[in-house]
Amino acid sequence: MWKPKIIWPTAWRPILLSNSKRLWRGILHVLLPRTCYACRRDVPFGWERPLCAACEALVCTPGPLYCQRCGKPLPDGGAHCYQCRGSKARSFSCKIIRSAVLFNPPVRALVHAFKYADRAQLSGYLAQYMVRQWPRYPQLHEAQLIIPVPLHAKKLKRRGYNQSALLARALARQLHLPQAEDVLLRVRNTPSQTGFGREGRLRNMHGAFACVRPGCVKGKIILLIDDVATTGATLEGCAAALKEAGAKKVMAYTLAREV
């Protein structure tokens, strides 16, 4: 039996496709509702961000009182924390550490999903926090090359991606800065820093990194990128390797700062 073929006007096709996609998204939202990464409550239909509005409002920035070297929050004020005070600051290879947000519960939930739950797609959202806070830190603006903190090859194979490299790529695109991922290597598969004190973390990171392309960093101001700064031991290990290779100055910018 002959059936007439309906030809929709060309102008209607985008509208029909758009409504069709919205319908399917609505069905999926009913069957598999999206939840907030932090509080696990359902988010409204059409809400695309990983945190609900209430949890997103809890994300906060460091300061205004923090150590001028390592960025550690100083609730009682002062220019430097105890570890960076006086002549001790001159001994650090990583001269400045700054962070976009504090590592509070909502940020912790995002970072843990990003690192340990195969949520690489969160990199763009998280990098936007770093982009928005970038104007606060003019000291970092002299950077000439962005380098992410590397993962050991075994850990990279197991995880499938380096979360710091994903942040570095997104940040480099937004700031129009060059970035390199094959300059710095983690040559020793160190145990997790969790559970170590400050001195233990520093010993754990000693000799863990090597600059394999010194010509790329010689005489340059380097900006290291990492997800979380706690004691700064990992950043210090990276900076020491880069300084040994001839880098003029090494600074660091992380997504979050441990409170």
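What counts and how
- Within each chain, residues carry numbers counting from 1 in the order of the written sequence.
- The predicted origin of the model limits local features to residues at a pLDDT of at least 70 and limits the giving and counting of side-chain atom pairs to 80 or more, whereas totals for whole chains, interfaces and linings rest on all residues.
- Side-chain measures here rest on the full set of heavy atoms in the structure, leaving out hydrogens and waters.
- Comment: elements are numbered from the N terminus, with helices defined as DSSP H or I runs of at least four residues and strands as E runs of at least two.
- Note on geometry: axes are lines fitted to C-alpha atoms, helical ones only across the stretch in contact, with angles between N-to-C directions running from 0 to 180 degrees.
- Each angle receives one of four descriptions, namely roughly parallel if under 35 degrees, roughly antiparallel if over 145, roughly perpendicular if within 65 to 115, and oblique otherwise.
- Should the near helix be turned anticlockwise from the far one by less than a right angle, the crossing is termed left-handed; should it be turned clockwise, right-handed.
- We call two residues in contact whenever any of their non-hydrogen atoms come within 4.5 Å of each other.
- The rule for pairing is simple: two strands pair if DSSP sees at least two bridges between them.
- Only one rule defines a salt bridge in this text: a Lys or Arg side-chain nitrogen within 4 Å of an Asp or Glu carboxyl oxygen.
- Only protein chains enter the calculation, and the probe is 1.4 Å; a residue is then buried if its accessible area is under 20% of its type maximum, exposed if over 50%, and partly exposed in between.
- We define the nonpolar core as a collection of buried residues of types Ala, Val, Leu, Ile, Met, Phe, Trp, Tyr and Cys that are connected through side-chain atoms lying within 4.5 Å of one another.

A. Seen up close, unusual backbone geometry. With an omega of 10 degrees, the peptide bond between G63 and P64 qualifies as cis. Relative to the elements of secondary structure, P64 occurs in the loop between α2 (53-56) and β1 (94-102). The phi dihedral of R40 is positive, around 70 degrees, even though this residue is not glycine. The topology assignment puts R40 in the loop between α1 (13-31) and α2.

B. Geometry of the packing of helix α4 (residues 123-133) against helix α6 (residues 163-175). Packing of α4 against α6 leaves a shortest axis separation of 9 Å and a crossing angle of 55 degrees. Taken together, the axis directions place α4 and α6 in an arrangement best described as oblique. Once α4 is placed against α6, the crossing between them reads as right-handed. Facing S123, L126, A127, Q128, M130 and V131 of α4, the residues of α6 in contact are L166, L167, A170, L171 and Q174.

C. Layout of the sheet that holds strand β6 (residues 249-257). Strand order in the open sheet formed by four strands is β1-β6-β5-β2, with parallel pairing between adjacent strands. The sheet is open, and its two edges are formed by β1 and β2 (145-148), each paired on a single side. Averaged over all pairs of adjacent strands, the angle between strand axes in this sheet comes to 25 degrees, irrespective of strand direction. Both β2 and strand β5 (residues 221-229) contribute to a ladder of four bridges, which runs parallel. Paired with I146 across the two strands is L223, which belongs to β5. Across the sheet, α4 lies against β1, β5 and β6, angled at about 120 degrees from β6, the strand it touches most. Strands in contact with α6 are β2, β5 and β6; relative to β5, the strand with the most contacts, it is inclined by about 125 degrees.

D. Structural context of the pattern of salt bridges. Applying the stated criterion to the full structure yields five salt bridges. Close ionic contact of E181 with R169 constitutes a salt bridge, the shortest N to O distance being 2.7 Å. With a gap of twelve residues between them, E181 in the loop between α6 and β3 (184-186) and R169 in helix α6 connect regions that are remote in the sequence. On the basis of relative accessible area, E181 is assigned to the partly exposed category, the value being 33%.

E. Here's a closer look at the environment of P214. Mapped onto the secondary structure, P214 falls in helix α8 (residues 214-217). Accessibility expressed as a relative area gives 39% for P214, which makes it partly exposed. P214 sits 31 residues away from A245 along the chain, and the two C-alpha atoms are 5.0 Å apart.

F. Layout of the nonpolar core. L51, L223, I225, Y253 and L255 are the most contacted members of the largest nonpolar core, which totals 45 residues. Among the elements of the structure, β1, α3 (105-116), α4, α6, β5 and β6 are those that each provide at least two residues to this core. Considering every element that reaches this core, the biggest residue donor is α6, with seven residues. Here I225 is in contact with M130, I146, I147, P148, V149, S164, L167, A168, L171 and Y253, once residues within four sequence places are set aside.

Keep in mind these values describe shape, not function.
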